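# Residue-level structure breakdown
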Amino acid sequence: QVQLVESGGGLVQAGGSLRLSCAASTRTFSRYTMAWFRQAPGTEREFVAAISWGGGNTNYADSVQGRFTISRDNAKNTGYLQMNSLKPEDTAVYYCAARREDRSTNPKDYNYWGQGTQVTVSS
């Protein structure tokens, strides 16, 4: 079992930045693909970004491309999502997720999830 704990959410003005962290309980974190998803009230959970085991490959949703950066530090068993130029439409609960297989944009493909952290962007 892998437990994931997100942190770093909060309230920020439009144009601001936040950095989310996702701490994993496993020492084999480097064997897991990691991804970030988000869910706003009344909407389905949507893909934000994913990163491969070693961090060499990433992919992003079009809506965040160029503004968000996903990264990981396997020595610390932690993943990150740097969010810049935030917009009110980025407001959502952000979840990190992990799976043993390669990257996927489908939330149903991920086995492990954190509890989520709220990000609110004011206009």
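Only a predicted model underlies this, so the values are computations on that prediction, with no experimental measurement involved.

## Focus on unusual backbone geometry
Even without a glycine there, the phi angle at Asn77 is positive, about 55°. Following the sequence through the fold, Asn77 ends up in the loop between β7 (68–73) and β8 (78–83). Assessed through its relative accessible area of 15%, Asn77 is described here as buried. Backbone geometry at Ser85 places phi at a positive 50°, although glycine is not the residue there. Tracing the backbone through its elements, the reader meets Ser85 in the loop between β8 and β9 (92–99). Judged by relative accessible area, which is 41%, Ser85 ranks as partly exposed.

## Quick look at the pattern of salt bridges
Summed over all chains, the structure comprises five salt bridges. Close ionic contact of Arg67 with Asp90 constitutes a salt bridge, the shortest N to O distance being 2.8 Å. In this pair, Arg67 sits in the loop between β6 (58–60) and β7 while Asp90 sits in the loop between β8 and β9, placing the two residues 23 residues apart along the sequence. Of the residues examined, Arg67 reaches a relative accessible area of 11% and is grouped as buried.

## Remarks on the packing of aromatic side chains
Taken as a whole, this structure holds six aromatic pairs when the rule is applied. With a centroid separation of 6.0 Å and 75° between ring planes, the pair formed by Tyr32 and Tyr112 is classed as edge-to-face. In this pair, Tyr32 is assigned in the loop between β3 (18–24) and β4 (33–39) and Tyr112 in strand β10 (residues 112–113), connecting sequence segments 80 residues apart. Accessibility assignment for this pair places Tyr32 and Tyr112 in one class, buried. For the ring pair Tyr95 and Trp113, a centre distance of 6.4 Å and an interplane angle of 80° mean the geometry is edge-to-face. On the criterion of sequence distance, the pair formed by Tyr95 in strand β9 and Trp113 in strand β10 is long-range, its members being 18 residues apart. Clustering of aromatic rings is evident, with ring pairs tying together Phe37, Phe47, Tyr95, Tyr110 and Trp113.

Conventions and cut-offs
Residues numbered from 1 in each chain as written. Predicted model: local features only at pLDDT ≥ 70, side-chain atom pairs only at ≥ 80, totals over all residues. Heavy atoms only, no water. Helix = DSSP H or I, 4+ residues; strand = E, 2+ residues; numbered from the N terminus. Buried < 20%, exposed > 50% of the residue type's maximum accessible area, 1.4 Å probe, protein only. Salt bridge = Lys/Arg side-chain N within 4 Å of Asp/Glu carboxyl O. Phe/Tyr/Trp six-rings, centres within 6.5 Å; stacked < 30°, edge-to-face > 60°.

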